[in-house]
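# Structural overview for review
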Amino acid sequence: MTGTLKQTTPTLGIFLAIGLICASANADNWGQWRGPMQSSISSETGLGDDWASDNQLWRVDMPGPGGASPVVWDNRLFVTSVDGEGSNGDPMTLVCYSVEDGSVLWKTELEGANQNSRDGATSASPSPATDGEHVWAQGTAGVLHCFTVEGELVWKKDLQAEYGEFQIQFGMTSTPVLDEGRLYLQLIHGEMKRGSTETSKGHVIALDAETGDEIWRHLRETEAYFENLHSYASPLVYRDSDHSFLVTHGADYAIAHSLDDGSELWRCGGLNPVEDYNPFLRLVASPVFMDGIIIIPSAKRGPVVAVKPDGSGDITDNEAAHLWRTESSTPDVSCPLIYEGTVYLTRENGVLTCLDAETGERTFEERLFRDNHRSTPVAAGDKIFVTTRDGKLLVLRAGAEPEVAAEIDLGEDTTASPAISNGRVFVRTAEGLYAFGNK
């Protein structure tokens, strides 16, 4: 059935209000985009029910716009940004802020000047990552930098010089994944010519995070062509008690790769109908997983597919490898969230759809906001946090039929996803950086 959204707590002004206990026994560092396990879930237990109007701890101006999400480790927050108004040619920068008060601890320029794509997007789209000792950052031009957390450059690698010039409309927005001392990258792109049926040949790469040295590379081939040569999604490391592998997403397929050498384990297509092929179905939203299930989005109101992790070969039409499939409701940019048995899909038109994670049954669907939505929802405790394009932060009570706990108007364009760490919620807008918590 389709649920009806219930407003349980009135809006209390333009400031976010979060009642927190002073210290959470289960505090996470949020070391990369989508959090510790790339699940967009924090184990914080202190995001309580007491919402008040004065829990904004601080707000600082950003040096410029960007869609990169903040990452946090202990008392340091890192975020990439354009340094300027967002014009073509503005420099790119990595900034380290104090979690305590938002003061700038250090700031350093990144190679690769800003190149606007469209609809307000900038080259500050890939998010940084940190392990508490180092921080890695890049812009869409693909120069990957490694710094110490004090801001000293350790190494840098020009991915275009090493793996070929990027041929991609809006820049290489894919965020590298940090996992057990490695950085995993997917570089899926190609020359887009009308009438061309050149198929996709992308690189999947594992680097030593400490040195930048290549561990392996894999040539990823599919039959995709034209705009579908371009992927703006990010890879994912899947782990459970029996399996561990990398998932890349783009060029009509989600593909699982061995962590040992990048070789292909399985691939799942069916995201772009062969009989009525859409040459403009580029993939932007990334997959997400929980134990025993991988949720694969597509694009432009297409399907969402749930598959098991233990497939082999081409599982596109292998019913035994699938859990369920819905023919519509995919997010176009925002990644799905799986939380406590419910799949949350925040679509670009502002509609939130909820599905049962085991069956794919639709339990809720309602428009929560209007605008070209991009950010990925995050979860902690019984709350789901969603930042909207027009600068609102929605706090939902999690469940098959979610309820609105608060709606906060920040008044600033927002495409980045929130970060949750050590009793605080951090929100990056086009103009500012916010921290909320218990005063």
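A tally of helices and strands in the protein chain yields one helix and 35 strands. Since a compact globule built from 439 residues should have a radius of gyration of about 22 Å, the 20 Å found for the protein chain is in line with a globular shape. With the C-alpha coordinates aligned to their principal axes, the bounding extent of the protein chain is approximately 55 × 55 × 40 Å. Taking all 439 residues of the protein chain together, the buried fraction comes to 60%. Look at the contacts in the protein chain between residues 6 or more apart in sequence, and 59% of them connect residues 24 or more apart. For the protein chain, the separation between the mean place of its 33 positive charges and that of its 65 negative charges on side chains is 5 Å.

A few words on the packing of aromatic side chains. The tally for this structure, following the rule as stated, stands at eleven aromatic pairs. Taking 6.1 Å as the distance between ring centres and 45 degrees as the angle between the ring planes, the aromatic pair formed by Tyr184 and Trp216 counts as tilted. Here Trp216 lies in strand S15 (residues 214-222) and Tyr184 lies in strand S13 (residues 182-187), a separation of 32 residues in the sequence. Each member of the pair, Tyr184 as well as Trp216, is classed as buried. With centroids separated by 4.8 Å and ring planes inclined at 25 degrees, the aromatic side chains of Tyr225 and Tyr277 adopt a geometry described as stacked. In this pair, Tyr225 sits in the loop between S15 and strand S16 (236-239) while Tyr277 sits in the loop between strand S19 (264-268) and strand S20 (288-290), placing the two residues 52 residues apart along the sequence. Linked through ring pairs, Tyr238, Phe245, Trp266 and Phe289 together constitute an aromatic cluster.

A few words now on the nonpolar core. In terms of nonpolar packing, the biggest core is built from 28 residues, with Leu77, Tyr97 and Phe426 touching the most fellow members. It is strand S35 (residues 432-436) that contributes the most residues to this core, four residues altogether.

Right, let's talk about the sheet that holds S15 for a bit. If you walk across this open sheet you meet the four strands as S12-S13-S14-S15, and the pairing is antiparallel. Two strands close off the open sheet at either side, each with one partner strand: strand S12 (177-179) and S15. The sheet shows a mean angle of 20 degrees between the axes of neighbouring strands, taken without regard to direction. Pairing geometry for S12 and S13, over three bridges, is antiparallel. Counted as the bridge partner of Asp179 is Arg182 from S13.

Rules used throughout
Residues numbered from 1 in each chain as written. Predicted model: local features only at pLDDT ≥ 70, side-chain atom pairs only at ≥ 80, totals over all residues. Heavy atoms only, no water. Helix = DSSP H or I, 4+ residues; strand = E, 2+ residues; numbered from the N terminus. Rg over C-alpha atoms; globule rule 2.2 N^0.38 Å. Buried < 20%, exposed > 50% of the residue type's maximum accessible area, 1.4 Å probe, protein only. Contact = heavy atoms within 4.5 Å. Lys, Arg positive; Asp, Glu negative; His and termini not counted. Charge placed at Lys NZ, Arg CZ, Asp CG, Glu CD. Phe/Tyr/Trp six-rings, centres within 6.5 Å; stacked < 30°, edge-to-face > 60°. Core = buried A, V, L, I, M, F, W, Y, C linked by side-chain atoms within 4.5 Å. Pairing = 2+ DSSP bridges. Axes fitted to C-alpha atoms, helices over the stretch in contact; angles between N-to-C directions.

Everything listed here is a matter of coordinates, which is why it stays silent on function.
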